[in-house]
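Observations on the three-dimensional arrangement
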Amino acid sequence: MQQIYAYLDTGDGLQPVNNAARDMAMLETVSIQWGADSPDTQPDPGVCQFTLRDRTGSLAGDFIRLAGARLLLRINEQPTWDDLAGQFGAYDTVTIPWDQVAPSWAPPIEGGRTHVIFDGVVSTGGTIRREKTYWMIDLSATSIMVLWKRLASKGPVSTDPKLAGKHWTGTPQQRLDELNKRAAAINAPQSDTRGLALPGSVAPYDQDTYPTQLELLQRLYAHSPNRPIWHEDVSGDATRIGHTDLAAPAGIILDMNADPWTLTDNGTRPSIPAGKVMTDRDMTLTIMEPWTQATVQGKQATDGDTYAFDTSETSYIAPDLPKNLRDLQKTITLDSDAILAADVTAYPATTITETDRDRMEAWITTLDNIAVPETITFDSRYIDPYDMPWLYRCQPSGPIFISGPVFADLTHSDGTPSASSVWTTIGGTLTYEWADRDVPVLRNQVTVVPLPGIGFSQPTWDQIADWTAAWGMVALTWAQMKLVSQYRNTTIETEEP
């Protein structure tokens, strides 16, 4: 049983909303729309609709303090006796019924075994209504990435006469530094760009054009062959504007017991048993409308009395798709500020390598070749959110693998999987409510997309000759073995926070 703990900061630090005794308020319901519903778009800031049950009227009567407050939603590991002793005292003095001890526990605001699942800012407006002896306060909050989306102002300018009338001049690194500097000035998160390479140079903007901070960050890395999508990252000690790379190769690791794991930037994750994942009754699969190429629409720099910046583009075309599919010419467009062509030494062109092209082409091919489950829901009654918090945060999960679904048997004519993959979530609806008044239920109905595999080639016998697992231990289909990137003769433990 996993309860969400809500905290509000109205200017004097984070304070618990649903305290242990519920003598002020409790978090009644939550519904959060987050992320994107298609891999060709960037996520918007999430929107959280939530209801507080206020017994005393102290929050309802002083509602003006709530507008603009920071809202933090967290989950915690189930408390131990050590945790409970500090709050309830000696064992023989506790009068709370046994089944209410853990739900009545108030976790510490700082420290403790906890995971943040949403970080946002309370919007203006809402409703207050009377229900029996309580005041019900209906509010909304927008995820903290909205601060980057709202900030749009004049950027740095240059003294170079050839850049007259332009702003957001400077090198890519200078632009990134300025974005983070301005974010810090309004207490917005810093960007986390680890693993991504900056372009060779970026085009400035006319001074009558004011892109948002979020647009500038997205366009700064839109050329990347990793295909980053940008979102709040609440997995660390502090919220950041992070990225999930949809074109980065991902594979399965099999340990000495033939248990499948996925590898992330932060560690290793166990697979998710299909029996614990909720789908629609018919296990419906969606065949995506196929894309044939991805086009980076960047800029070309040319010299003259002033520097000119015109449109230039480069396309990644998946050559392995059938010709009749390639003829459809359906394109993913990536708007970029990167200089892709130039005859100006001050603006070197960004180099697109063959490795870059191979990576993006593999991503497009994967999107077209893998059918996607139409309905995937993670439910706290079957998967503990504390054990797998990446399934319940309002951000893309990164690599996950669902072991054992019926559609794992589906393959293409060449033996490659057609409905089984290492996936990542990219968006969804997270809900929280009290079932039968006593059981808190957290559910995340998500959109998933496949990640490109590492190689997608059948293993040869010599690659697995020294693997100690017995064949009877392997639950993967032969087609799914193409997703395996490592065979280990050791056990693996979950390493990711």
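Above this text sits the structure in question.
This structure is a prediction, so every number in the text was calculated from the model and none was measured. (Residues numbered from 1 in each chain as written. Predicted model: local features only at pLDDT ≥ 70, side-chain atom pairs only at ≥ 80, totals over all residues. Heavy atoms only, no water.)

What follows is about the overall build of the protein. Within the protein, the regular secondary structure consists of eight helices and 26 strands. Sorting the 497 residues of the protein into buried and exposed places 51% on the buried side. A fraction of 74% describes how many contacts in the protein between residues 6 or more apart in sequence connect residues 24 or more apart. Of the roughly 22,900 Å² of accessible surface on the protein, 49% is carried by carbon and sulfur atoms. (Helix = DSSP H or I, 4+ residues; strand = E, 2+ residues; numbered from the N terminus. Buried < 20%, exposed > 50% of the residue type's maximum accessible area, 1.4 Å probe, protein only. Contact = heavy atoms within 4.5 Å. Areas by Shrake-Rupley, 256 points an atom, 1.4 Å probe, with all protein chains shown as cover.)

Within this structure, the stated rule accounts for 14 salt bridges. Linking E131 and R53 is a salt bridge whose minimum nitrogen-to-oxygen distance equals 3.7 Å. Placement of the pair is E131 in strand β7 (residues 127-131) and R53 in strand β4 (residues 44-54), with a sequence separation of 78 residues. Residue R53 is classed as buried on the basis of its relative accessible area of 17%. Here R175 and D337 are joined by a salt bridge, their closest N and O atoms 3.1 Å apart. Linking R175 in helix α4 (residues 172-185) with D337 in strand β20 (residues 331-342), this pair joins segments that are 162 residues apart in sequence. Judged by its relative accessible area of 2%, R175 falls in the buried class. (Salt bridge = Lys/Arg side-chain N within 4 Å of Asp/Glu carboxyl O.)

The subject of this paragraph is a nonpolar patch on the surface. Taken together, F63, I64, I128 and W135 make up a surface patch of nonpolar side chains, about 410 Å² in accessible area. Here I64 shows up in the loop between α1 (58-61) and β5 (70-76). Residue class for I64 comes out exposed when judged on its relative accessible area of 63%. (Patch = residues over 30% accessible without salt bridge, like charges linked within 9 Å, V, L, I, M, F, W, Y side chains within 5 Å.)

On to the state of the cysteines, then. For the structure on display, the rule yields zero disulfides. For C48, which is in no disulfide, the shortest distance to another cysteine sulfur is to C394 and amounts to 7.5 Å. (Disulfide = S-S within 2.5 Å.)

Helix-helix packing is characterised by the crossing angle of the two axes and by the distance between the axes. Where α4 contacts helix α5 (residues 213-220), the axes come no closer than 11 Å and their chain directions differ by 150 degrees. Classed by the angle they form, the pair α4 and α5 counts as roughly antiparallel. In the crossing of α4 with α5, the sense of the turn from one axis to the other is left-handed. For the pair α4 and α5, the contacting residues are P172, R175, L176, E178, L179, R182 and A183 in the first and Q213, L216, L217 and L220 in the second. Class assignment of the residues belonging to the contact of α4 with α5 gives a composition of seven nonpolar, one polar and three charged. (Axes fitted to C-alpha atoms, helices over the stretch in contact; angles between N-to-C directions. Parallel < 35°, antiparallel > 145°, perpendicular 65-115°, else oblique. Left-handed = near helix turned anticlockwise from the far one by under 90°. Nonpolar A, V, L, I, M, F, W, Y, C, P; charged D, E, K, R; others polar.)

Of all hydrophobic cores here, the largest spans 68 residues; its most connected members are F50, L71, L73 and F378. In contact with L73, not counting residues within four places along its chain, are I4, Y5, A6, L27, V30, I32, C48, H115, V116, I117 and F118. By size, the runner-up hydrophobic cluster in this structure holds 21 residues, among which are L147, L176, Y205 and L216. (Core = buried A, V, L, I, M, F, W, Y, C linked by side-chain atoms within 4.5 Å.)

Before going further, it helps to examine the packing of aromatic side chains. Following the criterion strictly, the structure yields six aromatic pairs and no others. Centre to centre, the rings of F309 and Y347 are 5.1 Å apart; their planes meet at 75 degrees, and the pair counts as edge-to-face. Residue F309 is found in strand β19 (residues 308-317), and its partner Y347 is found in the loop between β20 and α7 (354-369); the two are separated by 38 residues along the sequence. You'll find F309 and Y347 in the same group, each marked buried. Plain terms: the ring middles of W467 and W471 are 6.5 Å apart, the flat faces sit at 85 degrees to each other, and that makes the pair edge-to-face. Look at W471 and you get partly exposed, because its relative accessible area is 46%. (Phe/Tyr/Trp six-rings, centres within 6.5 Å; stacked < 30°, edge-to-face > 60°.)

Along α5, six of the eight residues are buried, which leaves the element largely enclosed by surrounding structure. Where α5 is buried, its residues contact α3 (146-150), α4, β10 (205-206), β11 (228-233), β12 (240-245) and β20.

This paragraph deals with the environment of P211. Looking at the secondary structure, you find P211 in the loop between β10 and α5. With 61 residues separating them along the chain, P211 and R150 place their C-alpha atoms 9.9 Å apart. Apart from residues no more than four positions distant in its own chain, P211 is found in contact with L151, A152, Y205, L216 and R219.

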